[in-house]
Amino acid sequence: MSKPQGFEKPVGVRDYLPRATRRLRRIERSVLDCMARWGYDPIKTPTMEYYDTVGLASSTPDRKLYKLLNNRGQTLVLRSEMTAPIARVASSLLREESLPLRLSYHANVFRAIEEEAGREAEFFQTGVELVGDRSPEADAEVIALAIASLQAAGVKTFKFAMGHVGFLNGLFDEALPNRTEDQQALKERLLRRDYVGFREKAESLGLGSEQQQELEGLLRLRGGVEICSQAAGLSSHELALESLDHLRKVWEALSDYGVSQHVLIDLTMIGDFSYYTGMVFEGYAAELGFPVCSGGRYDNLLKQFGRDVPSTGFALKTTRILDGVDDPEGEEERPVLIVYESNRRAEALAEAARIRDGGGAAVTRLAESGNGEDVSESGRYSRVVSFVEANTPAK
Amino acid sequence: MGEVLKVAMPKGRIYKKAAELFRAAGIVIPDDVDDSRRLVIPIPEANMEFIMAKPVDVPTYVEYGVADIGIVGKDVLLEENRDVYELLDLGIARCRMSVIALPDRQPGIHLRVATKYPNVATRYFREQGEQVEVIKLNGSIELAPLIGLADRIVDMVETGQTLKDNGLVELESIFGITSRLIANRVSYRMKNDAIQQLCDKLEKVMPGAVKS
């Protein structure tokens, strides 16, 4: 590798210039405000964590974790998402707090090997965790809040898809009892979104034609709440039926939130099955080629930190929203420029203080002799006020 | 009519067969589209827009969402490893990925493999428990063993005629190849009805699918 040139930075990281930073802060503020209105308190955790705790517990594959060594030879990771760090905090510092806990965050997270455009090594996520509630109400609350958060971020046209890991576990367990490897193979194909491979695998399992059709029928199970009753016909496995019942209750609650028209049930949605344990969901915006939100229930995570409580949550991919969504508020107000001569500085600074106290922005500048009047610099300032010679300040 | 469906079509060999299949499925594609040199071709009759792409780039366009769906060979999908939905095996443009060599060639200490598909080749030999040196070429792969650049090649074989003409033999077939219908993760949700309808129409006319 050649030595980097002065203007270069590592692949996958970005500078945010003032315009982008203002927009990012606006999104951050409106989304966190929205979450606060639902009773979620913001939390910050460190950028670095131990590999052996948060690193291993995280849903991020090992090869995508940034690892470093500290001066004691311990392996650290740059946080790859916020769910595992929050699980650590909820199981330790917040251990005595009564449940449920409602926590929100906005943070930069890091992923290695994502080197193409649109796959940043560092990006922002804004999300919530609802800890200590295993009810369908809790799952519906996080989906409804995800929808409200997307709207707060300025996304207008969007859709959510929701599935349930338990349904698939039950269905596959019934069709292929004690054939863990085959079950795993089917799940992996769904996870890779390889429907062709799923059908081929299903055909190769030596099942009866009816069972095989049931498995392949799974690929068509998308739609509204009616999907839950259709799917109930595919399986009599207890876990599968419980899961469908859970999904139906989530849907009914979403319908009472008045947002079920944005939600599609897709029973092939699986999420990372080593991590999610129940309902999983994803959000999509019309303007963007990649999902802008993902979430679900992960009831086994906190146990790894010594507190066995259920949990559900989501993260918005804030950087993607920033890239793809039009600025809802348009231009920020530009500052007033105040130009003064040295003998009138006190007057000028008092005027600047008055503007700033009123919530406006002011820039002050000592007039250079000869060009005191010529400071329009069109575009940068909303107006110019001058305290020069005997002029009364122009308002 | 819903929104226009943006379709990444592979230029060349596969396009002809895909267009044939689309027409058989009752999707109206005017004849002049086939010989058009335009890169983006609106097809209002079908409520579609064709994006004419180099086949190997089709999954990239679909992954980034500049195309909603695309048609691409399984060979490209396995090589590129993009995050897209693989919805249908269209059963067209059938061929296979194979390991090919000169019949009498004894490999040196380090097995050298020339290919257009370095990821596929590396993965295959790794599964066989062999670590090989892969040389990436962009065309006329058959040359490599003939002129001593590599001991083996990994390439697509359709009829096997080129191999025969050059005195090469197929040692092993790695997997069967057909063209697939793929979809972007977001389009698959946002334009689900249009995509599902297209799938239903195509499924009725597709030739039987192969096993990979």
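Structure: above.
Keep in mind the model is a prediction, meaning the values are calculated, not measured. In every chain, residue numbers begin from 1 and rise along the written sequence. The order in which chains are written sets their letters, starting at A; the order in which ligands are written sets their numbers, starting at 1. Whole-chain, interface and lining totals are the exception, using all residues; otherwise, since this is a predicted model, local features are given only for residues with pLDDT of at least 70 and side-chain atom pairs are given and counted only at 80 or more. Computation of side-chain values: all heavy atoms of the structure, hydrogens and water removed.

Engineer: Residues and numbers for the overall build of chain B, please.
Structural biologist: What counts as a helix is a DSSP run of H or I of at least four residues, what counts as a strand is a run of E of at least two, and both are numbered from the N terminus. A tally of regular secondary structure across chain B gives nine helices and eleven strands. For the C-alpha atoms alone, the extent of chain B along its principal axes is close to 60 × 30 × 30 Å. Counting over 212 residues, chain B shows a buried share of 51%. Looking at chain B alone, contacts between residues at least 24 apart form 70% of all its contacts between residues at least 6 apart. Accessible area for chain B stands at about 10,100 Å²; split by element, carbon and sulfur atoms hold 49% of it. In this charge count, Lys and Arg are treated as positive and Asp and Glu as negative; neither His nor the chain ends contribute. All charge positions are set by atom: Lys at NZ, Arg at CZ, Asp at CG, Glu at CD. Put simply, chain B has 28 plus and 31 minus side-chain charges, and the middle of one group is 1 Å from the middle of the other. Three exposure classes are used, based on accessible area relative to the maximum for each residue type with a 1.4 Å probe and protein chains only: buried under 20%, partly exposed in between, and exposed over 50%. We call two residues contacting when some pair of their heavy atoms lies within 4.5 Å. Using a 1.4 Å probe, the Shrake-Rupley method yields the accessible areas, and only the shown protein chains count as cover for residues.

Engineer: Got a sec to walk through the sheet that holds strand β5 (residues 101-110) of chain A? Specific residues and values, please.
Structural biologist: Residue and element names in this part refer to chain A. The sheet built from nine strands is open, its strands ordered β1-β5-β6-β12-β11-β10-β7-β9-β8 with mixed pairing. Here the strands that pair on one side only, and so sit at the sheet edges, are β1 (41-42) and β8 (222-223). Strands pair, by our definition, only if DSSP identifies at least two bridges between them. Pairing of β1 with β5 involves two bridges; the strand directions are parallel. Its bridge partner being in β5, Asp41 is matched across the sheet by Leu103.

Engineer: Before we move on, could you go through the sheet that holds strand β13 (residues 336-340) of chain A and cite the residues and values that matter?
Structural biologist: Residues and elements named next belong to chain A. What the three strands build is an open sheet, ordered β14-β13-β15; its pairing is parallel. Each end of this open sheet is capped by a strand with a single partner; those strands are β14 (362-366) and β15 (383-387). The sheet shows a mean angle of 20° between the axes of neighbouring strands, direction not considered. Where β13 meets β15, five bridges bridge the pair, whose relative direction is parallel. For Ile338, the partnering residue across the bridge sits in β15 and is Val385. Structural elements are reduced to axes, namely lines fitted to C-alpha atoms, with helices fitted over the stretch in contact, and the angle between N-to-C directions of any two is expressed from 0 to 180 degrees.

Engineer: Explain the packing of helix α7 (residues 195-204) of chain A against helix α8 (residues 209-217) of chain A to me, using residue names and the numbers behind them.
Structural biologist: Residue and element names in this part refer to chain A. Taken N-terminus to C-terminus, the directions of α7 and α8 make an angle of 165°; their axes are 10 Å apart at the nearest point. Our classification of the angle between α7 and α8 gives roughly antiparallel. The two elements α7 and α8 cross, and the hand of that crossing is right-handed. Between α7, through Phe198, Arg199, Ala202 and Glu203, and α8, the contact on the second element is made entirely by Gln212, Leu215 and Glu216. Lys, Arg, Asp and Glu make up the charged group, whereas Ala, Val, Leu, Ile, Met, Phe, Trp, Tyr, Cys and Pro make up the nonpolar group; the residues left over, Gly among them, are polar. Taken together, the residues of the contact of α7 with α8 break down into three nonpolar, one polar and three charged. Our angle categories are set so that under 35 degrees counts as roughly parallel, over 145 as roughly antiparallel, 65 to 115 as roughly perpendicular, and the remainder as oblique. Should the near helix be turned anticlockwise from the far one by less than a right angle, the crossing is left-handed, and should it be turned clockwise, the crossing is right-handed.

Engineer: Requested: an account of the packing of helix α6 (residues 180-191) of chain A against α7 of chain A, with residues and values cited.
Structural biologist: Residues and elements named next belong to chain A. The contact between α6 and α7 brings their axes to 8 Å, and the two run at 160°. Viewed along their axes, α6 and α7 adopt a mutual orientation that is roughly antiparallel. The chirality of how α6 crosses α7 is left-handed. Only Tyr195, Gly197, Phe198, Lys201 and Ala202 of α7 make contact with α6, whose side of the interface consists of Asp182, Ala185, Leu186, Arg189 and Leu190. Tallied by class, residues from the contact of α6 with α7 come to six nonpolar, one polar and three charged.

Engineer: With reference to specific residues and values, describe the layout of surface pockets.
Structural biologist: Residues and elements named next belong to chain B. Quantified by volume, the second largest pocket comes out at close to 620 Å³. Buriedness for pockets is judged along seven lines, at least five of which must meet protein on both sides within 12 Å for an open set on the 1 Å grid over protein atoms alone, while cavities are sets there where a 1.4 Å probe fits but cannot get out, and lining residues have an atom within 4 Å of a point. Residue lining of the second largest pocket: 31 residues in total, with Pro55, Asp75, Val76, Lys116 and Tyr117 positioned closest to the centre. Looking at the lining of the second largest pocket, the elements with two or more residues in it are α1 (13-24), β4 (69-73), α4 (74-80) and β9 (152-157). The dominant element in the lining of the second largest pocket, judged by the number of residues it contributes, is α4, at four residues. Considered class by class, the residues forming the lining of the second largest pocket number 13 nonpolar, seven polar and eleven charged. Grid points are joined across faces, edges and corners, and a volume is the space filled by probe spheres set on the points.

Engineer: Could you give an account of the pairing of strand β11 (residues 293-297) of chain A, with specific residues and numbers?
Structural biologist: Residues and elements named next belong to chain A. Judged by how many residues are buried, β11 sits mostly within the fold: five of five residues are covered. The alternating pattern of β11 places Cys293, Gly295 and Arg297 and Ser294 and Gly296 on opposite faces, both of which are buried. In terms of strand pairing, β11 meets strand β12 (residues 311-317) through five bridges, oriented antiparallel. Looking at β12, one finds that Cys293 is bridged to Leu316.

Engineer: Kindly report on a nonpolar patch on the surface, identifying the contributing residues and their values.
Structural biologist: All names here are of chain B. Exposure above 30% relative accessible area and no salt bridge define the residues that can form patches, which grow by joining like charges within 9 Å and nonpolar side chains of Val, Leu, Ile, Met, Phe, Trp and Tyr within 5 Å. Here, a salt bridge means any Lys or Arg side-chain nitrogen found within 4 Å of an Asp or Glu carboxyl oxygen. On the surface, Leu143, Leu146, Ile147 and Leu149 cluster together into a nonpolar patch covering about 350 Å² of accessible area. Mapped onto the elements of the fold, Ile147 is located in the loop between α6 (143-146) and β9. Among the residues examined, Ile147 registers a relative accessible area of 63% and is labelled exposed.

Engineer: Which residues make up the interface of chain A and chain B, and what values do they have?
Structural biologist: Listed per partner, the contact involves 28 residues of chain A and 26 residues of chain B. Carbon and sulfur atoms make up 44% of the area that chain A and chain B hide from each other, which totals about 2,400 Å². Remark: the boundary between chain A and chain B carries five salt bridges. The residue Glu203 of chain B makes a salt bridge to Arg220 of chain A at a minimum N-O spacing of 3.4 Å. For the purposes of these results, a polar contact is taken to be a pair of N or O atoms within 3.5 Å, where, inside protein, one atom must be able to donate a hydrogen and its partner to accept one; residues adjacent in sequence count only when each atom of the pair is a side-chain atom. In this structure, the connection of chain A to chain B is made through 13 residue pairs in polar contact (both at pLDDT 80 or more). At the level of elements, β7 (158-164), α7, β9 (263-266) and β10 (279-285) of chain A are the ones that each hand at least two residues to the side of chain A that touches chain B. A class-by-class count of the residues in the side of chain A that touches chain B yields 13 nonpolar, two polar and 13 charged. The term buried area denotes the loss of accessible surface (1.4 Å probe radius) that occurs when two parts are joined, taken as the sum for both partners.

Engineer: Go over the pattern of salt bridges, please, and point to the residues and values.
Structural biologist: All names here are of chain B. If you walk through the whole model with that rule in mind, you get 35 salt bridges over all chains. A salt bridge links Glu86 to Arg180, with the shortest nitrogen-to-oxygen separation between them at 2.7 Å. Linking Glu86 in strand β5 (residues 85-89) with Arg180 in strand β11 (residues 179-183), this pair joins segments that are 94 residues apart in sequence. Here Glu86 and Arg180 have matching classes, each one buried.

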